[in-house]
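Below, each chain spelled out in residue letters.
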Amino acid sequence: MLVGVPKEIKNHEYRVGLTPAAVKEFVAHGHSVVIETDAGTSIGFTDEMYINAGASIIDNAAEIFATADMIVKVKEPQANECKMLREGQILYTYLHLAPDAKQTELLVASGATCVAYETVTDNKGGLPLLAPMSEVAGRMSIQAGAHYLEKAHGGSGTLLGGVPGVAPGKVLIIGGGVVGTQAAKMAVGLGAEVTILDRSLPRLRELDDIFLGRIHTVYSTEEAIEHYSSRADLVVGAVLIPGAAAPKLLNREHIKAMKPGSVLVDVAIDQGGCFETSKATTHQDPVYIIDDVVHYCVANMPGGVARTSTMALNNATLPFGLALANKGAKQAMLDDKNLLNGLNVHKGLVTYKAVVDALGKQLNLTYCDAVEALNK
């Protein structure tokens, strides 16, 4: 199979679909790899390194899209990239379709086979290709929140860890999954007072065991959200419904009741955000202020630490990518139910129910079972 890796074009996105080490694996399995020039140069993966790994360097993305059997990316394809996809081609990347009607419409029109990293599963019900970026984003959420709490950046001027004689800042984390756990680790490490809200009692018990009393775990209710958000210096939105639009857990009234200069970090922004006032921002212009509350809603947070993120992502995506290349999309997915769960669009059919639930009426979509779609 000819595997193509275009350079990412989203604002301040420096990650790359394949590392040189991953390229070497594809080549060892008998595949050819083409990489757009300078696709990884900004994070230390030079064209020479890719050539040494067995790839060919291509000057422009259009040629890669025109010739490759499988396109491997990091972020969702932008409109002009969607228009270069074709029927029978595999797209393997993050998609986050539920809040993105335009991308969904373009991918359906392309006829391509679109496999979303964020909905591939494992045998324990986890999301192994989302997890490494969730780990990065969770850790970054505290780093970013602490930065924007500084007075010069619009915050209240609160140091999360406090100092002797001055109480630490209060961090509220909504959601106790991968993002929330990693955020809590960083916040505890800084010395903050940390509260995690979640609706799973088993998960709250696990978090109590993990942190040995260093955080507060609270069952998530409307009253709890209202109470703890009004007292927090930093609120991290860390909720996830796989493949679906994020629920709006903080409404405008909650935000109006927050302390002036407090900070919201919405890690769920790729899925539409979990705060009513959230709107996607970029690393170039990451924050805005509503009701005296600083909002950090960067849609590709892990892109800020692109080298670490690229290596972590490739560790997770490589086995599934090799399966797609070795067996072809249809056989690879029929052989592996976890990879099959990653199929979102195939030959104009939407095969992920949460996307149809979110966009079906707007785009006149109907759900098609993934196995049925592959066998058509």
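Our structure's up above, just so we're on the same page.
Computed from a prediction, not measured in an experiment: that's the story for all the values here.

**Q** Explain the overall build of the chain to me, please; I cannot follow it from the model alone.
**A** When helices and strands are counted, the chain shows 15 helices and 15 strands. Over its C-alpha trace the chain gives a radius of gyration of 21 Å, about what one expects of a compact globule, namely 21 Å for 376 residues. Viewed in the frame of its principal axes, the chain has a C-alpha envelope of about 65 × 45 × 35 Å. Looking at the 376 residues of the chain, the share that counts as buried comes to 54%. At a minimum sequence separation of 6, the contacts of the chain that also span at least 24 residues come to 63%. Here the chain holds 32 positive side-chain charges and 40 negative ones, and the gap between their average locations is 2 Å.

**Q** Please explain the packing of aromatic side chains as it appears in this structure.
**A** Think of a pair of aromatic rings as described by two things: how far the centres are apart, and how the planes are tilted against each other in angle. Across all of its chains, the model carries 3 aromatic pairs by this definition. The interplanar angle of 85° and the centroid separation of 4.7 Å between the aromatic rings of tyrosine 92 and tyrosine 117 together place this pair among those described as edge-to-face. Pair noted here: tyrosine 92 is in strand S5 (residues 90–93) and tyrosine 117 is in the loop between strand S6 (113–116) and helix H6 (131–148), with a separation of 25 residues, a long-range link. Counting every residue linked through ring pairs, the aromatic cluster contains Tyr92, Tyr94 and Tyr117. Over the ring of tyrosine 288 we find lysine 279, and its NZ or CZ is 4.7 Å from the ring centre.

**Q** What am I meant to see in the sheet that holds strand S4 (residues 70–72) here?
**A** With respect to topology, 8 strands assemble into an open sheet ordered S3-S2-S1-S4-S5-S6-S14-S15, the strand pairing being mixed. Whereas interior strands pair on both sides, the edge strands pair on one side only; in this sheet they are strand S3 (56–58) and strand S15 (349–350). Relative to S4, strand S1 (residues 2–5) is paired through 2 bridges, and the arrangement is parallel. By the bridge assignment, valine 3 is partnered in S4 with methionine 70. Of the strands in this sheet, S1, strand S2 (32–36) and S4 are in contact with helix H1 (residues 20–28), which crosses S2 at around 150°. The sheet strands contacting helix H11 (residues 306–327) are S4 and S5, and the helix crosses S5 at an angle near 175°.

**Q** Honestly, the pairing of strand S13 (residues 293–296) in this entry has me stumped. Any pointers?
**A** Two faces, one strand: in a regular strand the side chains alternate between the faces of the sheet. Alternating residues of S13 divide into Val293 and His295 and Val294 and Tyr296, and every residue in both groups is buried. Relative to S13, strand S11 (residues 263–266) is paired through 3 bridges, and the arrangement is parallel. Looking at the pairing, valine 263 lines up with valine 294 of S13. In this structure, strand S12 (residues 287–290) lies alongside S13, joined through 4 bridges in antiparallel fashion. Of the residues in S13, the one forming a bridge with tyrosine 288 is histidine 295. The antiparallel pairing of S12 with S13 creates a hairpin that spans 2 residues between the two strands, and aspartate 291 there sits at a positive phi of about 55°.

**Q** In this structure, what is going on with the sheet that holds S13? I would like to understand it.
**A** On the basis of which strands lie adjacent, the open sheet formed by 7 strands has the order S9-S8-S7-S10-S11-S13-S12 and mixed pairing. In this open sheet, the two strands that pair with only one neighbour each are strand S9 (216–219) and S12. Strand-to-strand twist across the sheet, computed as the mean angle between neighbouring axes with direction ignored, equals 20°. Along the sheet, H6 makes contact with strand S7 (170–174), strand S10 (234–237), S11, S12 and S13, crossing S10 at roughly 150°.

**Q** Just checking my understanding: could you explain the pattern of salt bridges for this structure?
**A** A side chain with one charge can pair with a side chain of the opposite charge if their charged atoms come near. Tallying each qualifying case throughout the model produces 13 salt bridges. Across the salt bridge formed by lysine 73 and glutamate 81, the nearest N and O atoms sit 3.6 Å from each other. The exposure classification of lysine 73 matches that of glutamate 81, with both residues buried. In this structure, aspartate 233 engages lysine 259 in a salt bridge whose closest nitrogen and oxygen atoms are separated by 2.8 Å. With a gap of 26 residues between them, aspartate 233 in the loop between helix H9 (222–231) and S10 and lysine 259 in the loop between helix H10 (252–256) and S11 connect regions that are remote in the sequence. By relative accessible area, which is 7% here, aspartate 233 ends up buried.

**Q** In this structure, what is going on with a nonpolar patch on the surface? I would like to understand it.
**A** There is a patch of nonpolar side chains on the surface, built from Leu159, Val163 and Val166 and spanning about 280 Å² of accessible area. Looking at where leucine 159 falls in the secondary structure, it is placed in the loop between H6 and S7.

**Q** Just checking my understanding: could you explain unusual backbone geometry for this structure?
**A** For residues that are not glycine, phi is negative in most cases, and the peptide bond is trans in most cases. With a phi angle near 55°, aspartate 291 is a residue other than glycine that sits in the positive phi range. Summarising the element assignment, aspartate 291 is placed in the loop between S12 and S13. Given a relative accessible area of 28%, aspartate 291 falls into the partly exposed group. With a phi close to 50°, lysine 347 is a non-glycine residue in the positive phi region. With a relative accessible area of 43%, lysine 347 lands in the partly exposed category.

**Q** Sorry, what's going on with the environment of valine 355 here?
**A** Along the chain, valine 355 falls in helix H14 (residues 353–363). Take valine 355: its relative accessible area is 1%, and that puts it in the buried class. The contacts of valine 355, once residues within four sequence positions are left out, are Leu97, Ala98, Thr104, Gly243, Asn344, Val350 and Gly360.

Each value, and the rule that gives it
Residues numbered from 1 in each chain as written. Predicted model: local features only at pLDDT ≥ 70, side-chain atom pairs only at ≥ 80, totals over all residues. Heavy atoms only, no water. Helix = DSSP H or I, 4+ residues; strand = E, 2+ residues; numbered from the N terminus. Rg over C-alpha atoms; globule rule 2.2 N^0.38 Å. Buried < 20%, exposed > 50% of the residue type's maximum accessible area, 1.4 Å probe, protein only. Contact = heavy atoms within 4.5 Å. Lys, Arg positive; Asp, Glu negative; His and termini not counted. Charge placed at Lys NZ, Arg CZ, Asp CG, Glu CD. Phe/Tyr/Trp six-rings, centres within 6.5 Å; stacked < 30°, edge-to-face > 60°. Lys NZ or Arg CZ within 6 Å of the ring centre and 35° of its normal. Pairing = 2+ DSSP bridges. Axes fitted to C-alpha atoms, helices over the stretch in contact; angles between N-to-C directions. Salt bridge = Lys/Arg side-chain N within 4 Å of Asp/Glu carboxyl O. Patch = residues over 30% accessible without salt bridge, like charges linked within 9 Å, V, L, I, M, F, W, Y side chains within 5 Å. Areas by Shrake-Rupley, 256 points an atom, 1.4 Å probe, with all protein chains shown as cover.

It is worth stressing that arrangement in space is one thing and function is another; only the former is reported here.
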